[in-house]
Amino acid sequence: MLKKRGAGVLLHISSMPSPYGVGVFNREVKNFIDKLYVMGFTYWQVLPFNPLDGSNSPYCSPSAFAGNYLFINPEGLLDMGLITKDDVKNNIYNGSPYTAAYEFAAEKRLETLRKAFLNITDSIKEKIREFEAENGWLADYSVYMAVKELENGKPWYDWSAAHAHYEGCLKSHSYSEESAEFWKFVQYIFFTQWYEIKDYANQKGIAVIGDMPIYVAMDSADVWANLSLFLIDKKSLAAEKVAGVPPDYFSENGQLWGNPIYDWSAMKKDNYSWWISRLACALRTYDVVRIDHFRAFASYWEVPAESETAKTGKWKKGPGMDLFNKVFEVFPDAPIIAEDLGIFGEDVVHLLEDTGFPGMKVVQFGFAPDADSSHLPHNAVQNSISYVGTHDNNTILGWLWEASETERRFALDYVGFDGSNWGDGGYQSRSCRKITEAVWKSSSNVAIISLQDMCGFGSDARMNIPGVPDENWRFRTTAQTIDAIDSDYYRHINATFRRMYPVFD
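Worth saying up front: this structure is predicted, and the values here are computed from it rather than measured.

Novice: Explain the sheet that holds strand β8 (residues 314-317) residue by residue, including any values.
Specialist: Overall, antiparallel pairing links the four strands, which are arranged β5-β4-β7-β8 in an open sheet. Unpaired on one side and paired on the other, β5 (255-260) and β8 mark the two borders of the sheet. Between one strand axis and the next, the sheet turns by 50 degrees as a mean value, whatever way the strands run. Inspection of the sheet shows strand β4 (residues 241-245) paired to strand β7 (residues 299-304) by four bridges, in the antiparallel sense. Within β7, the residue paired with Gly244 across the bridge is Trp301.

In structure tokens:
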């Protein structure tokens, strides 16, 4: 896997067609997989499946292991005999099918799941127990969620003294056991429905590329239950240092993410067991794991917790190969993609070489007229993943509209676009297709395109703008849009540029 020429499409579950406010694990997802198969794609990339934060981002989650219950298909609960048809209808969203309605979906899905939980059978209870035995993270997460309900949704570091410390909370047992059991049920349903979808994709010869944020949220089950593994004051329960990145292409002030920093020395003493468990979970959930901000394993940007911007940070040495030597002992051929974008030095280059993981190339970053960028397709090495654009980029048509005349002219000359109508959008956009074909011609073993770029959409279809906290992650599409994609064209370029080798032996 990742060593043969292939191609994939980036489209998150939240963006899938569904009548329920956001995409769910339903027949429409299988129809999308069918479309990928017809077009000759061998990969499907998604964003993190973890629960969302207050800004609906999956990159700052209350759990690095748990799944987002918004993706649970109400019809699946009906098929299990746990809810009624009226309960399913209650989940139907009558607003725009082009924008994710997270608040609506969260309210309705949680209400439906609580009704379903009241009707579980002894057989389901036994399956939940088996699921818990196979997933060690579930006990911590379920207790965290139960206590969070008891504490009216406050972050764990503002909980009462009886609950603020994990070990003390377990001893006092002051939370609702029934509530904890409910959250175990939710995760059992999530993964049961997802594995059916994943199996369907695999049977079609399509591997799922998942996404793993390197950091976890301060208010998370992971930090609360593993306080010793983070740089947090054990008395005040405040973060000492937080994560971010220095000023770069996306932001002149850098990005102040606010996630707590790992105590790598403590993790080393524990043989990195938390990371081994996390990767084990991710490699069960997906076929391939893309680790976001991989460069932080070599060196990371550490910012004082009281800082207002990321400018005041400094570089600190990460665990490097000491961690990955442990990883390779457990997962010798771990299919991992290293997101190595942004500012980095020789330490990141050496870590990539030592791990053997493929890095990433994004063609938009290559269109600098005065440089022979490593992101240009002709510079891509085989052991890399080339993107038309990621979830953090503008769409390629949006980029063309917003680029300077010099950048745009270079990009169009580079890909051999010889017309004046570069701004035409839609499925037949010749400028977008020329850029796609340049990426497909590259030596990179895998090439990825977002559904938005397949359709020639503009910047209004963008998924995320880094550093902007609101109005992101909202893009959705419809079954009609997916059906209208020119299957013959994509099958042609996948065949022509030899990107249809089987990914499963």
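This is not the end of the story, as more comes after the structure.
Novice: Quick rundown of the packing of aromatic side chains? Include the residues and the values.
Specialist: Scanning all chains against the criterion turns up 59 aromatic pairs. Taken together, a centroid distance of 5.9 Å and an interplanar angle of 65 degrees make the contact between Trp44 and Trp194 edge-to-face. Placement of Trp44 in strand β2 (residues 43-45) and of Trp194 in helix α9 (residues 177-203) is noted, with a sequence separation of 150 residues between them. A relative accessible area of 0% places Trp44 in the buried class. By relative accessible area, which is 0% here, Trp194 ends up buried. Ring geometry for Tyr166 versus Trp224: centroids 5.1 Å apart, planes at 85 degrees, classification edge-to-face. Residue Tyr166 is located in helix α8 (residues 166-172), and its partner Trp224 is located in helix α10 (residues 221-225); the two are separated by 58 residues in the primary sequence. Tyr166 sits in the buried class, given a relative accessible area of 14%. Sitting over the face of the ring of Phe182, Arg114 holds its NZ or CZ atom 4.5 Å from the ring centroid.

Novice: Residue-level account of the sheet that holds strand β9 (residues 336-338), with values.
Specialist: As summarised here, the arrangement of the eight strands in space is β9-β6-β3-β2-β1-β12-β11-β10, forming an open sheet in which the pairing is parallel. Each of the sheet's edge strands pairs with one partner strand only, and the pair in question is β9 and β10 (359-362). The average undirected angle you get between the axes of adjacent strands in this sheet is 25 degrees. In the sheet, β2 pairs with strand β3 (residues 207-213) via three bridges, with the strands oriented parallel. Within β3, the residue paired with Tyr43 across the bridge is Ala207.

Novice: Outline α9, listing residues and values.
Specialist: Side chains three or four residues apart in an α-helix point the same way, a direct result of the helix having 3.6 residues per turn. Between the first and last C-alpha of α9 there are 39 Å, a value that for 27 residues agrees with the 39 Å anticipated at 1.5 Å per step. Burial analysis of α9 places 19 of its 27 residues in the buried class, the great majority of the element. One or two steps after α9, the chain reaches Gly205, where phi turns positive at roughly 80 degrees.

Novice: Residue-level account of helix α13 (residues 321-330), with values.
Specialist: Inspection of α13 places Met321, Leu323, Phe324 and Val327 among the buried residues, and these make up the whole buried set. Each buried residue of α13 lies within a common arc of 145 degrees when the element is viewed along its axis, so the set occupies one face. Tucked into the core, α13 has its buried residues touching α11 (264-269), α12 (273-285) and α14 (346-355).

Novice: Tell me what's going on with the packing of helix α4 (residues 102-117) against α9, and back it up with residues and numbers.
Specialist: Closest axis-to-axis distance for the α4/α9 pair is 10 Å, and the angle between their directions is 105 degrees. Between α4 and α9, the crossing angle belongs to the class labelled roughly perpendicular. Here Leu110, Leu113, Arg114, Ala116 and Phe117 of α4 come into contact with α9, specifically with Glu178, Glu181, Phe182, Trp183, Phe185 and Val186. The residue makeup of the contact of α4 with α9, split by class, is eight nonpolar, no polar and three charged.

Novice: Break down the pattern of salt bridges for me, citing the residues and quoting the values.
Specialist: When the charged atoms of two side chains lie near each other, side chains of opposite charge can form a pair. Counting across every chain of the model gives 19 salt bridges. In this structure, Arg129 and Glu126 form a salt bridge, with 2.9 Å as the shortest nitrogen-oxygen distance. Of this pair, Arg129 and Glu126 both sit in helix α5 (residues 122-134), three residues apart, roughly one helical turn. The class for Arg129 is partly exposed, based on a relative accessible area of 48%. Where Asp418 meets Arg430, a salt bridge forms, and the shortest distance between an N and an O atom there is 3.2 Å. Here Arg430 lies in helix α18 (residues 430-441) and Asp418 lies in the loop between α17 (405-415) and α18, a separation of 12 residues in the sequence. Owing to a relative accessible area of 40%, Arg430 belongs among the partly exposed residues under this scheme. Taken together, the salt bridges that share partners define one network made up of Arg27, Asp34 and Lys204.

Conventions used here
Residues numbered from 1 in each chain as written. Predicted model: local features only at pLDDT ≥ 70, side-chain atom pairs only at ≥ 80, totals over all residues. Heavy atoms only, no water. Pairing = 2+ DSSP bridges. Helix = DSSP H or I, 4+ residues; strand = E, 2+ residues; numbered from the N terminus. Axes fitted to C-alpha atoms, helices over the stretch in contact; angles between N-to-C directions. Phe/Tyr/Trp six-rings, centres within 6.5 Å; stacked < 30°, edge-to-face > 60°. Buried < 20%, exposed > 50% of the residue type's maximum accessible area, 1.4 Å probe, protein only. Lys NZ or Arg CZ within 6 Å of the ring centre and 35° of its normal. Expected span 1.5 Å × (residues − 1). Arc of directions from axis to C-beta. Contact = heavy atoms within 4.5 Å. Parallel < 35°, antiparallel > 145°, perpendicular 65-115°, else oblique. Nonpolar A, V, L, I, M, F, W, Y, C, P; charged D, E, K, R; others polar. Salt bridge = Lys/Arg side-chain N within 4 Å of Asp/Glu carboxyl O.

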